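Results of the structural survey
Listed below, chain by chain, are the residues.
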Amino acid sequence: MSAWTAICALEDILPESGVCALVGGRQIAVFRSGEAWYALDNVDPANGASVLSRGIVGDVKGESVVASPLYKHHYSLRTGRCLEHPRESVNVYPVRAMDGRVWVSVEHQRERRDRRRLVVVGNGMAGMRTVEELLRLAPEAYEITVFGAEPHGNYNRILLSPVLAGEQRPEDIILHGPEWYAEHGVTLHSDDPVLEIDRRRRVVRSAKGVEVGYDRLLLATGSSPIILPIPGKSFPGVVTFRDLADVESMLRAARQYRKAAVIGGGLLGLEAANALAKRGMDVTVIHLLPTLMERQLDAPAAALLRASLESRGLKFRMPAKTVAVLGENRATGLRFEDGSELEAGLIVMAAGVRPNIELASRAGLRCERGVLVDDTLQTFDPSIYAVGECVQHRNTLFGLVAPLWEQARVCAAHLAEVGVRRYRGSPTATQLKVTGIEVYSAGDLAESEGSEPLVMRDHRRGIYKRLVVRNDRLQGAVLYGDVRLGSWYFELIASGADISGLREQLLFGPDSASDAGPGAARAG
């Protein structure tokens, strides 16, 4: 307990009030609000008077605060932030109630004015991975505030499909719960998206009216699902598949309705369709093109995937263009361009996403399809960085995890001012998360002048492989039925290694010249 100092007995501090104590040569104001205890500097930074302990404790827009008895500025009991003037914030200190007494620790507390302020707009995977990397590199460099639009902590969005399918619970995919933010001194404003960035004053304002100043701002606003511009798109029963709230909407519908339609035969749409089928729904996938997952798979692999999903009970309409959602007060089905209709009590739009750039655009940052960033993930405003699905880097947008993780590492290094890392783009790999179906795709599968496809088909075992080689380099791979070599292929693609000495075993792995029998592989 050497780092802790006993202030007084618990009963010496009345509810919704404070006391002042001298700890380590500092005047500390200790407050009791409900069952919670708080400790702040007692000095009002607006005038230098030691008066905060005599302030009125209350609530402003859901935040516990103390009002200075002099200028009536409000200071957050949890973060020390001044609601009216963020630059006048005060230090906060660890406090605990134990053995009938109140204890405060001021050891190793750095003055808040010595720490820069980082505001993170977006509480998703890319933004919080950047915060994790930053805390690892420079844990004391920033006072970090995070704003999130959803009413909970950060979670693994990749695992929404298993939650929808009933294979995992929502609590299983939480990455950062409330205790993580508290432990790392990160202030989280959940269910409170940022609506405005004042670049001149370096202040953000949230939907609930919270204003926070920043020295560095990190945009991690992600992307939004594309809603088809068709009649009936806003009916109850029409949902997207993007967050936990969408999953809950689909689960409620699955309990009430028998038939579902999923618009989109890409990765997310197929995962949603499979999950709803596992929940007992009669599911039809509608896709605009004749090939499933056309960005990741070639036609033979897509045909194998469709056959496997059909064997599980999924139905398909493709190619088919949806022109309207049927219904009056809620969705009852779909109408297609050829005039045919499909009955459905639940309609899931999984037709793609687009970067969330509205906030950045309103702030005057340069945007095209995404927020434009350089190789350091810096925008055209040197105090603002951006990572994740909202970013456009070298004319490329991002939707997979691997590039986001690399962006987070590079961005954190520059925020911490350590090293000179650069983000130059990342090869990507995709794996379908449908239990029992093995599909993997990596790199560029397009054939061009000078490229050569290597193909293996094993109809009996249901295995298909296609590798695209150019100039003795592996540029792309698609695997169906056996994805064990996926990571090896990905490493070859990412490294650009010369594979001329591996051609004989390239389709079969680094440890085997051939285990598929004569005639299984061909170049074509």
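Notes on the structure in this doc start here.

Cut-offs applied
- Residues numbered from 1 in each chain as written.
- Predicted model: local features only at pLDDT ≥ 70, side-chain atom pairs only at ≥ 80, totals over all residues.
- Heavy atoms only, no water.
- Pairing = 2+ DSSP bridges.
- Helix = DSSP H or I, 4+ residues; strand = E, 2+ residues; numbered from the N terminus.
- Axes fitted to C-alpha atoms, helices over the stretch in contact; angles between N-to-C directions.
- Salt bridge = Lys/Arg side-chain N within 4 Å of Asp/Glu carboxyl O.
- Buried < 20%, exposed > 50% of the residue type's maximum accessible area, 1.4 Å probe, protein only.
- Phe/Tyr/Trp six-rings, centres within 6.5 Å; stacked < 30°, edge-to-face > 60°.
- Lys NZ or Arg CZ within 6 Å of the ring centre and 35° of its normal.
- Parallel < 35°, antiparallel > 145°, perpendicular 65-115°, else oblique.
- Left-handed = near helix turned anticlockwise from the far one by under 90°.
- Contact = heavy atoms within 4.5 Å.
- Nonpolar A, V, L, I, M, F, W, Y, C, P; charged D, E, K, R; others polar.
- Core = buried A, V, L, I, M, F, W, Y, C linked by side-chain atoms within 4.5 Å.
- Polar contact = N/O pair within 3.5 Å; in protein donor to acceptor, adjacent residues only side chain to side chain.

1. Side note on the sheet that holds strand 6 (residues 63-67)
Spatially, three strands are ordered 5-6-7 in an open sheet, and the strand pairing comes out antiparallel. In the strand order of this sheet, the two ends are held by strand 5 (56-60) and strand 7 (74-76), each with one partner. Direction aside, the axes of adjacent strands within the sheet are offset by 40 degrees on average. Sheet topology places strand 5 next to strand 6; five bridges connect them, and they run antiparallel. Counted as the bridge partner of Val60 is Glu63 from strand 6.

2. Re the pattern of salt bridges
Counted according to the given criterion, the structure contains 31 salt bridges. Taking the shortest distance from any N to any O, the salt bridge between Arg409 and Glu406 comes out at 2.7 Å. In this pair, Arg409 and Glu406 both sit in helix 8 (residues 401-416), three residues apart, roughly one turn of the helix. Ionic pairing is found between Arg461 and Asp458, a salt bridge with its closest N-O pair at 3.5 Å. A residue is classified by how much of its surface remains accessible, and Arg461, at 43% relative accessible area, is partly exposed. For Asp458, a relative accessible area of 16% corresponds to the buried category. Through salt bridges that share partners, Arg129, Glu133 and Arg136 make up one connected network.

3. Quick look at the packing of aromatic side chains
For any pair of aromatic rings, geometry is given as the distance between the ring centres together with the angle between the planes. Summed over the entire model, instances satisfying the criterion amount to three aromatic pairs. Ring geometry for Trp180 versus Tyr181: centroids 5.4 Å apart, planes at 85 degrees, classification edge-to-face. With a centroid separation of 5.4 Å and 35 degrees between ring planes, the pair formed by Trp488 and Tyr489 is classed as tilted. Residues Trp488 and Tyr489 agree in their burial class; the two are buried. One residue, Arg96, lies across the ring of Trp4, its end atom 4.0 Å from the ring centre. Its end group placed over the ring of Phe380, Arg366 keeps NZ or CZ at 4.3 Å from the ring centre.

4. A short note on the sheet that holds strand 16 (residues 203-206)
Sheet architecture is open: three strands sit in the order 15-16-17, paired in antiparallel fashion. What marks the edges here is a single partner per strand, and that holds for strand 15 (194-198) and strand 17 (211-213). Taking the axes of each pair of neighbouring strands and ignoring which way they run, one obtains an average angle of 20 degrees across the sheet. Where strand 15 lies against strand 16, four bridges are found, and the strand directions are antiparallel. Counted as the bridge partner of Val194 is Ser206 from strand 16.

5. Observations concerning the packing of helix 1 (residues 125-137) against helix 8
Contact pair helix 1 / helix 8: the axes reach a minimum separation of 8 Å and the direction vectors enclose 40 degrees. In terms of axis orientation, helix 1 runs oblique to helix 8. Seen along the crossing, helix 1 lies across helix 8 with a hand that is right-handed. Only Val401, Leu404, Trp405, Ala408, Arg409, Cys411, Ala412, Ala413, Leu415 and Ala416 of helix 8 make contact with helix 1, whose side of the interface consists of Met125, Ala126, Arg129, Thr130, Glu133, Leu134 and Leu137. Residue composition of the contact of helix 1 with helix 8, by class: 13 nonpolar, one polar and three charged.

6. Topic: the environment of Val23
In this fold, Val23 is placed in strand 2 (residues 17-23). In sequence terms Val23 and Thr379 are 356 residues apart; their C-alpha atoms lie 44 Å from each other. Every residue in contact with Val23, bar those within four places of it in the chain, is listed here: Thr5, Ile7, Ile28 and Val106.

7. Overview of the nonpolar core
Counting 53 residues, the largest nonpolar core has Ile144, Ile197, Val204, Leu217 and Leu219 as the members making the most contacts within it. With seven residues, the single largest contributor to this core is helix 8. Aside from chain neighbours lying at most four places away, what touches Val204 is Val119, Phe147, Val194, Glu196, Ile197, Val210, Glu211, Val212, Tyr214 and Leu217. Counting residues in each nonpolar core, the second largest holds 48 residues, with Met250, Leu267, Leu305 and Leu432 among its members.

8. A closer look at the side chain of Asp482
By secondary structure assignment, the location of Asp482 is in the loop between strand 36 (473-480) and helix 9 (486-495). You can call Asp482 buried: its relative accessible area is 12%. Only 2.9 Å separates the side chain of Asp482 from the side chain of Arg484, close enough to count as a polar contact. Excluding anything up to four places from it in sequence, Asp482 contacts Glu438, Ile463 and Lys465.

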